[in-house]
Amino acid sequence: WSSPAVGMVLAVLGASVLPVVAGLVGMPVLRRVRRAAAERRARERRADAVIALCTALAGEVRAGRQPGEALLSAARDSGGLGDMQAAVLAAARFGGDVPDALTAAARQPGAEGLRGLAACWRVAVDQGAGLAAGVDRLEAALRAERDQRADLRAQLAGARATAVLLAGLPVVGLALGAALGADPLHILLHTSSGLICLAAGGVLEGLGLWWALRIMRTAEEVTA
């Protein structure tokens, strides 16, 4: 709702309905950006929970608990199974197919590490290998992957901030023009040349910001 609010303010200042229309058009875009950010945070929290699950599971197994009991205790403490926790716990409690349940839980965004846990479980059950050692190696790999993503995100933070700052420079230019008495809003909203410049500038501004952010997202996805 901040988008139409800003549009109404600009509409009052520029005596035109175009900012209101632009604000209403921008609502779904901002909603999508906000939803994507929320999904990214949820994915990161789920990935952290999977790492915590592996840590707790390895500790429970070393303490002498059977794998099923260890998984029940570790899952309650970490919450790394997400929406599929009930199905996995039921499989562990009643002798079901735990690897299949873990694989199904791994389909949740951010919980992909559960596929590795399912593989460790199969090896431990079928071949009698040490579950704790395999889970430890899995945890180390997941933690290293998370640290790598965090390091890349920190390196890209400067470029992302620069792109957003450059995208905001036209607003600074409008403010400077208004301070100098040039009335840029009147020119942009009430003259044909101003409307052409406003449309072309808005399109180029949006494309430039989208392209810069897309490059950064691609770099993150390739590294992941």
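Residues numbered from 1 in each chain as written. Predicted model: local features only at pLDDT ≥ 70, side-chain atom pairs only at ≥ 80, totals over all residues. Heavy atoms only, no water.

Peer 1: Got a minute to help me understand the pattern of salt bridges in this structure?
Peer 2: A side chain of one charge can pair with a side chain of the opposite charge if their charged atoms are brought near each other. Summed over all chains, the structure comprises eight salt bridges. Linking Arg143 and Glu139 is a salt bridge whose minimum nitrogen-to-oxygen distance equals 2.7 Å. Here Arg143 pairs with Glu139, and both are found in helix α7 (residues 131-167), just four residues apart, close to one helical turn. Judged by relative accessible area, Arg143 falls into the partly exposed class, the value being 31%. By sharing partners, the salt bridges in this structure join Asp48, Arg146 and Asp147 into a single network. (Salt bridge = Lys/Arg side-chain N within 4 Å of Asp/Glu carboxyl O. Helix = DSSP H or I, 4+ residues; strand = E, 2+ residues; numbered from the N terminus. Buried < 20%, exposed > 50% of the residue type's maximum accessible area, 1.4 Å probe, protein only.)

Peer 1: When you look at the layout of surface pockets in this model, what are you seeing that I'm missing?
Peer 2: Where empty space is left can be seen by rolling a probe of water-molecule size over the atoms. Put simply, the second largest pocket is a space of about 170 Å³. The wall of the second largest pocket is formed by Trp1, Ser2, Ser3, Met27, Leu30, Arg31, Arg34 and Arg35. Only α1 (2-14) and α2 (18-62) provide two or more residues apiece to the lining of the second largest pocket. Per element, the largest residue contribution to the lining of the second largest pocket is five residues, and it comes from α2. Counted by class, the lining of the second largest pocket contains three nonpolar, two polar and three charged residues. (1 Å grid on protein atoms, 1.4 Å probe; cavity = no way out; pocket = protein on both sides within 12 Å on 5 of 7 lines; lining within 4 Å. Points joined across faces, edges and corners; volume = space filled by probe spheres on them. Nonpolar A, V, L, I, M, F, W, Y, C, P; charged D, E, K, R; others polar.)

Peer 1: Any chance you could explain a positive patch on the surface here in plain terms?
Peer 2: On the surface, a cluster of positive charge is contributed by Arg34, Arg40, Arg41, Arg43 and Arg45. As for its placement among the helices and strands, Arg34 is situated in helix α2. For Arg34, a relative accessible area of 68% gives the class exposed. (Patch = residues over 30% accessible without salt bridge, like charges linked within 9 Å, V, L, I, M, F, W, Y side chains within 5 Å. Areas by Shrake-Rupley, 256 points an atom, 1.4 Å probe, with all protein chains shown as cover. Lys, Arg positive; Asp, Glu negative; His and termini not counted. Charge placed at Lys NZ, Arg CZ, Asp CG, Glu CD.)

Peer 1: In this structure, what is going on with the side chain of Glu139? I would like to understand it.
Peer 2: The buried category is assigned to Glu139, whose relative accessible area is 13%. Here Arg143 takes part through its side chain, which lies 2.7 Å from a polar atom of the side chain of Glu139. Setting aside residues up to four positions removed in sequence, Glu139 forms contacts with Ile51, Cys54 and Thr55. (Polar contact = N/O pair within 3.5 Å; in protein donor to acceptor, adjacent residues only side chain to side chain. Contact = heavy atoms within 4.5 Å.)

Peer 1: Mind showing me how you'd approach the packing of aromatic side chains here?
Peer 2: Tallying each qualifying case throughout the model produces one aromatic pair. Look at Trp210 and Trp211: their rings are 5.9 Å apart centre to centre, the planes differ by 45°, and that puts the pair in the tilted class. You can call Trp210 partly exposed: its relative accessible area is 44%. (Phe/Tyr/Trp six-rings, centres within 6.5 Å; stacked < 30°, edge-to-face > 60°.)

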